[in-house]
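# Summary of structural features
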Amino acid sequence: MSIFRHLFRKKTVADAISSADPSEHSGLAKTLGVTDLTALGIAAIIGAGIFSTIGKASFEGGPAVLFLFVFTALACGFAAFAYAEFASMIPVSGSAYTYSYVAFGELIAWIIGWALIMEYAVGNITVAVSWSGYFTSLCESAGWHIPAWATIDYPSAHLVYDEVSGLLKAGTPMSELSHYQQEGYSAWSNAPMIGGLRLILDIPAIIMSILITGLVYIGMKESKNAGNLMVVLKLIVVLLVIIVGAFYVDTANWHPFVPNGFGGVMAGVSSVFFAYIGFDALSTTAEECKNPQRDLPRAMVYSIIICTVLYILIALVLTGMVKYTELKVDDPLAFVFDQIGLKWFSGIIAVSAVIAMAGVFLVFQLGQPRIWMTMSRDGLLPKKFARIHPRFRTPDFSTIITGLFVVIPMLFIPSDTVLDLCSMGTLFAFVLVCAGVLKLQLTPDAPRGKFKTPYINAQFIFPALVLAAGLYLWMQYPKDTRDWVSNTPQLCSSDVLFGRLSEPQIESIKSMYAQKDSAGFAGVGGDLNAYLENMNDEAYTAAVAELPIPEEEKYESGWALFQHKIPMWLFVFTCLALVVWSFRHRLSLIPVLGLVFCFYMMAQIPAKSWFGFFVWLVIGLAIYFSYGYKNSKLKRQET
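Thresholds, definitions, all that
- Residues numbered from 1 in each chain as written.
- Predicted model: local features only at pLDDT ≥ 70, side-chain atom pairs only at ≥ 80, totals over all residues.
- Heavy atoms only, no water.
- Salt bridge = Lys/Arg side-chain N within 4 Å of Asp/Glu carboxyl O.
- Buried < 20%, exposed > 50% of the residue type's maximum accessible area, 1.4 Å probe, protein only.
- Helix = DSSP H or I, 4+ residues; strand = E, 2+ residues; numbered from the N terminus.
- Expected span 1.5 Å × (residues − 1).
- Polar contact = N/O pair within 3.5 Å; in protein donor to acceptor, adjacent residues only side chain to side chain.
- Core = buried A, V, L, I, M, F, W, Y, C linked by side-chain atoms within 4.5 Å.
- Contact = heavy atoms within 4.5 Å.
- Phe/Tyr/Trp six-rings, centres within 6.5 Å; stacked < 30°, edge-to-face > 60°.

### Concerning the pattern of salt bridges
Scanning the model with the defined rule gives 3 salt bridges in all. Of the charged contacts in the structure, one is a salt bridge between D396 and R387, with a shortest N-O distance of 3.3 Å. For D396, a relative accessible area of 6% gives the class buried. Of the residues examined, R387 reaches a relative accessible area of 39% and is grouped as partly exposed. Note that K479 is salt-bridged to D483, the shortest N-O span being 2.7 Å. With K479 and D483 both in helix α21 (residues 478–486) and 4 residues apart, this pair spans about one turn of that helix.

### Some points on unusual backbone geometry
Looking along the chain, the bond that leaves H255 and enters P256 is cis, with omega of -5°. Relative to the elements of secondary structure, P256 occurs in the loop between α12 (220–246) and α13 (261–266). Positive phi, close to 60°, is recorded for N487, a residue that is not glycine. Mapped onto the secondary structure, N487 falls in the loop between α21 and β3 (490–491). Phi angles above zero are rare outside glycine, and R586 is one such case at about 50°.

### What about helix α9 (residues 154–169)?
Over its 16 residues, α9 runs 23 Å from end to end, which matches the ideal 22 Å to within 8%, given 1.5 Å per residue. Those residues of α9 that fall on the buried side of the exposure criterion are P155, S156, A157, V160, V164, S165 and L167. Capping the start of α9, D153 holds a side-chain oxygen 2.8 Å from the backbone nitrogen of S156, two or three residues further along. The first or second residue beyond α9 is G171, which carries a positive phi of 105°.

### Observations concerning the nonpolar core
Counting residues in each nonpolar core, the largest one holds 162 residues, and the members touching the most others are I46, F51 and F86. Among all residues touching F86, those that are not within four sequence positions of it are Y99, A103, V433, G436, V437 and L440. The next biggest cluster of nonpolar side chains, apart from the first, holds 15 residues, and it includes L497, I506, L532 and L547.

### Some thoughts on the packing of aromatic side chains
All told, the structure shown has 29 aromatic pairs when counted by the stated rule. Geometrically, the ring pair formed by W110 and Y624 is tilted, given 5.8 Å between the ring centres and 40° between the ring planes. Taken together, the residues span a long stretch of sequence, with W110 in helix α8 (residues 106–141) and Y624 in helix α31 (residues 607–631) at a distance of 514 residues. Comparing W110 with Y624 shows no difference in burial state: the two are buried. Measuring from ring centre to ring centre gives 5.8 Å for W372 and F385, while their planes differ by 65°; the resulting arrangement is edge-to-face. Here the residue W372 occupies a position in helix α17 (residues 343–377), and F385 occupies one in the loop between α17 and α18 (396–407), the gap between them amounting to 13 residues. Judged on exposure class, the residue W372 and its partner F385 are both buried. Grouping aromatic residues by their ring pairs yields a cluster made of F71, F78, F571, F597, F599, Y600 and W610.

If you want it as structure tokens, here you go:
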């Protein structure tokens, strides 16, 4: 057999199910029903996103941000159908990893399993950091001060310090900076020194990570009970926010409803997506379900529907209580109640956020060990990863390693980079699971579970949708579309511009405006960044054009500009390929749309994060070829 065939050797459904034979592996406790699973899904979905990123998304899209929640729910819903079909067919732990092993073969399964580490283990870094922020605020309101250097990671503090230093040089007063910027600057400036190294680490996030990992280690029953309690508490608070906030809604704040057009609504897509990820963690608990073929599909759909309804109501309440332009804050739910004088209610929301994000962390920590356990059963990882604790009946070694994968990177990886990588890993898994359903539908006599994704013929519908989208862009945004396709040079934004300029150049520009527009420049306190940001697009273009700096520093062009478009070009080519395949093979519309929606959100992630994801995959492939390829269970069976 050729090496190529070895790399893409596949499991049968019978192999996947038999690999979880309780007689061989001591078995996981079957304790989860549809109510428990739905609660776990809600616990995973309602968390860091709704308590933090909804503010930025509302600022960009206005009240119409509710359409973005619907768009993201559709994307996750389409993917959920694909997950549910696979979970019904293969009711074992392993999630997208196991499904890809059956649909595509071993190499793709390994890549997916490695990518899922980003969703569960690495993504939990973002959850832990967000949890720490709310916990720190709660402590501050109670009069317990935690030093800034003990609430932020080292790289982020360094990056913020450099950013703030540049803004201070441009004339921005410290009082005008955001709370996050002030805290980061303070953390770097006031951190204690050990030798020549600053001691900066997020202590609350680290402690919480260790405690919840310990809870997951103890057992599924204990984790389930804790998760259910967290869901009940935070649902009560979310409902209180909606009910109490509804009495303070001013419908005048909903006008204009779509202030920044479709582009503004979609600008917050990455932020809102983070408010949804996690429902797929349910598929990793298949071996602990009482009736996985029936309950898993129901729980996935129920949890997405419930959370979407709550998200839409919260978006309407927030944008109705205050003007959308005021919502660019890190704690929007607490902020709006501060604005109307209900500070006591803001404290309740802070407590809720701490509980909600702890619940998300719990579900993610449950998911990752079970994927590693499944990969170990297949011989792709050492046997220790599949070991089940004799008393707690949990994958103990995998759980400990998962905890280390959260705590150790938290010390040296910036939290915003982790968020992008988490989204990349999650969306990549979603795309391949949707593609797996399409492949099974095209495979004669392919196995089927009790749940099947409803079939809608995409032969003509999907090409028509792609054509309509292309015509809309060309007719509504002709210049932007032409510039994008032709890679026409674009003016740098003010923050990028200042990053390119030296301190003498900045001082020269400040002197120029102090003479040219003394009143206007003095009106912003000599803050060059604020002066330029207050201009409309036309005035900003004219202002940059006359700056006494080289032209190449004013514009992004060539490869520097094109590299940011690579993800979107990949999306375009994928859509065109799917148009051809849909027409030729009459593909099913729901998984096609799931693949397209998720790939589109991947394309919104910066190119640098795509590069980081690629590096991560290369590391994973090195591990596979040095260990997994040689020790694969399927390879041993073949020989």
